[in-house]
Amino acid sequence: MKLTSRVLIVGAFSLLAINLRAASEIVIAIRYLQAEGMSHSHLYLYRDDGKFLRQLTTDNSGQDVDPVFAPKGEIIVFTREKPDGPLEFWSVRPLGGDSTKLDSAPDWYEQAKTSPYFTNRETSKPADPVSPAAASPESSPSPSAAGMMGERRSYKAPDGSVELILREDPSDPDDRVNGERHGKHYVLRYLKTGIQADFGTLPGFVGAYEILHDRQNPDRQFVLEGLVRVAFFGLHLNSTDGDTSFALDLNGSRFVRLSPNWAAPVPLPGESAFLTLTENRYVPIPGTTKAANCSYIERWDARLQKIRYARPKTAAVFYGASVYRPERTPAVITIRQNAD
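On a predicted model such as this, the values are computed, not experimentally measured, just so you know.

With that settled, the discussion passes to the overall build of the chain. Of the regular secondary structure elements, the chain holds two helices and 24 strands. Taking all 340 residues of the chain together, the buried fraction comes to 49%.

Right, here's the structure in full:
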C-alpha cells in the first residue's frame with residue numbers, strides 16, 4: 001500500500017509539472033537601465049498571467065536580443081550582439097540551465113517574423129513599431145487614413161455587430177488638426193439595436209484620429225477574439241509626447257488609453273487578450289537624475305486591465321519577445337526588436 005501511494009504521489013506531481021509547463025509562457029529580452037556602468041539585455045521568462053518564473057541568461061559580454069521559442073517550445077534561440085564582433089546564436093531551455101552556443105541559427109529562427117500587429121502606417125516596414133507617428137500633425141496622416149476633411153468613412157465589424165462611422169465637421173476647429181478632441185463626431189453604432197453614440201460622449205475619450213489596422217491585412221480594423229472586442233485609434237499629442245493610442249472597448253462603449261505615449265497592439269489569436277509593445281518616454285532611471293525613453297511588453301485582458309512583463313518601477317528597453325502557447329494556433333507569437 002505504501003508503494004502504491006508513493007507511485008500515485010509521484011504520478012500526481014508528474015502530471016502537475018506537465019500541466020504547469022503546458023501553460024503559455026513568454027520570454028522577454030529586456031535591458032534594465034542602471035545608474036552606473038554598462039547595462040545589458042538578458043532573457044527573462046514569465047507565465048502569461050505575469051508571474052515571473054526565472055532569468056535565463058546572465059552573460060554580460062554582449063546584448064541578448066530577439067528570443068524565439070522553437071515550434072514545440074523545447075528551446076529558445078536568441079542572438080547575442082557583441083561590440084565590434086559578429087552576431088552569435090545561442091539556445092537555452094525554458095526550464096533554465098546553461099546556454100549553448102550554436103554554429104548557426106536554425107532555419108525556423110531565421111524565418112521567424114514579427115507576428116501581426118496594429119499600426120497606422122501604410123509602409124510595409126516601419127522603422128520603429130513603437131513610435132510610428134511623426135513629430136507634427138502635418139506629417140502624421142497616411143493617404144488612406146481617417147482624418148481627411150470632408151470625407152466620411154465607415155468600418156463594420158466582421159460579425160455584423162457594430163459600425164464605426166468616421167466623419168468630421170469642417171466648421172469645427174478641433175477637426176482640422178490631428179490632436180486632442182479630434183474625432184468627437186465619429187460615431188459608434190450597434191447594428192442589432194440601432195443604438196449609437198458620438199465618440200466625444202464616450203467615457204475615456206480624449207481624441208481619435210486614425211483607425212489602426214493589421215499591418216499584414218490593411219482591411220482588418222477589429223480584434224474580436226473570445227471576450228475581447230476592440231478597435232484601436234491613434235492620436236497625435238505634441239512634439240514632446242509624440243503619439244498615443246487607444247482601445248475602443250466595444251463591450252463597454254468606452255476608450256482605454258494604452259500608454260501615455262505610443263503602444264502597438266499585437267493580437268493573440270484564440271485568446272481573450274492582446275499584447276502591446278508599449279513606449280514610455282522620459283522614465284526616471286533609478287539612482288540618477290536622468291530619464292530615458294523606455295519600452296515594455298504588456299498584456300491586456302478582456303476587461304482591458306494590463307500586466308507588464310518587467311520589474312516594477314524600472315527604466316528598461318525592450319529587445320524582443322516570444323510567446324509559447326502549446327494548445328493554440330499559432331503556437332508561437334514573436335515580436336522582434338525591430339518589426340519585419
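After presenting the structure, the write-up continues.
With that out of the way, let us pick up the sheet that holds strand S2 (residues 41–47). Across the sheet, which stays open at both edges, the five strands sit in the order S3-S2-S1-S23-S24 with antiparallel pairing between neighbours. Pairing within the sheet leaves two strands with one partner each, and these edge strands are strand S3 (52–55) and strand S24 (332–335). Sheet twist, expressed as the mean angle between neighbouring strand axes with direction ignored, is 20°. Relative to strand S23 (residues 316–324), strand S1 (residues 25–32) runs antiparallel, the two being bridged by seven bridges. The partner of Ile-30 across the bridge, within S23, is Phe-318.

Another point: the packing of aromatic side chains. By the definition in use, this model includes 17 aromatic pairs. Both rings, one in Tyr-44 and one in Phe-52, keep their centres 6.4 Å apart while their planes meet at 50°; by these two values the pair is tilted. Ring pairs connect the aromatic residues Tyr-186, Phe-199, Phe-205, Phe-233, Phe-246 and Phe-255, which therefore count as one cluster. Directly above the aromatic system of Trp-90 lies the positively charged group of Arg-80, at a separation of 4.4 Å from the ring centroid.

Turning to the pairing of S23, a few remarks are in order. For a regular strand, side chains alternate in direction, first toward one face of the sheet and then toward the other. Of all nine residues that make up S23, eight are buried, and the element is covered over most of its length. Relative to S24, S23 is paired through four bridges, and the arrangement is antiparallel. Directly across from Val-323, in S24, lies its bridge partner Ile-333.

Below, the discussion takes up the pattern of salt bridges. Overall, the coordinates contain 21 salt bridges when judged by the stated rule. Between Lys-82 and Glu-88 there is a salt bridge; the shortest N-O distance is 3.3 Å. Residue classification places Lys-82 among the partly exposed residues on the basis of a relative accessible area of 30%. For Glu-88, a relative accessible area of 12% puts it in the buried group. The shortest N-O distance in the salt bridge between Lys-101 and Glu-88 comes to 3.6 Å. Of the two residues, Lys-101 sits in strand S7 (residues 100–102) while Glu-88 sits in strand S6 (residues 88–92), which places them 13 residues apart along the sequence. Through salt bridges with shared partners, one network takes in Glu-271, Arg-299, Arg-325 and Arg-328.

Each value, and the rule that gives it
Residues numbered from 1 in each chain as written. Predicted model: local features only at pLDDT ≥ 70, side-chain atom pairs only at ≥ 80, totals over all residues. Heavy atoms only, no water. Helix = DSSP H or I, 4+ residues; strand = E, 2+ residues; numbered from the N terminus. Buried < 20%, exposed > 50% of the residue type's maximum accessible area, 1.4 Å probe, protein only. Pairing = 2+ DSSP bridges. Axes fitted to C-alpha atoms, helices over the stretch in contact; angles between N-to-C directions. Phe/Tyr/Trp six-rings, centres within 6.5 Å; stacked < 30°, edge-to-face > 60°. Lys NZ or Arg CZ within 6 Å of the ring centre and 35° of its normal. Salt bridge = Lys/Arg side-chain N within 4 Å of Asp/Glu carboxyl O.

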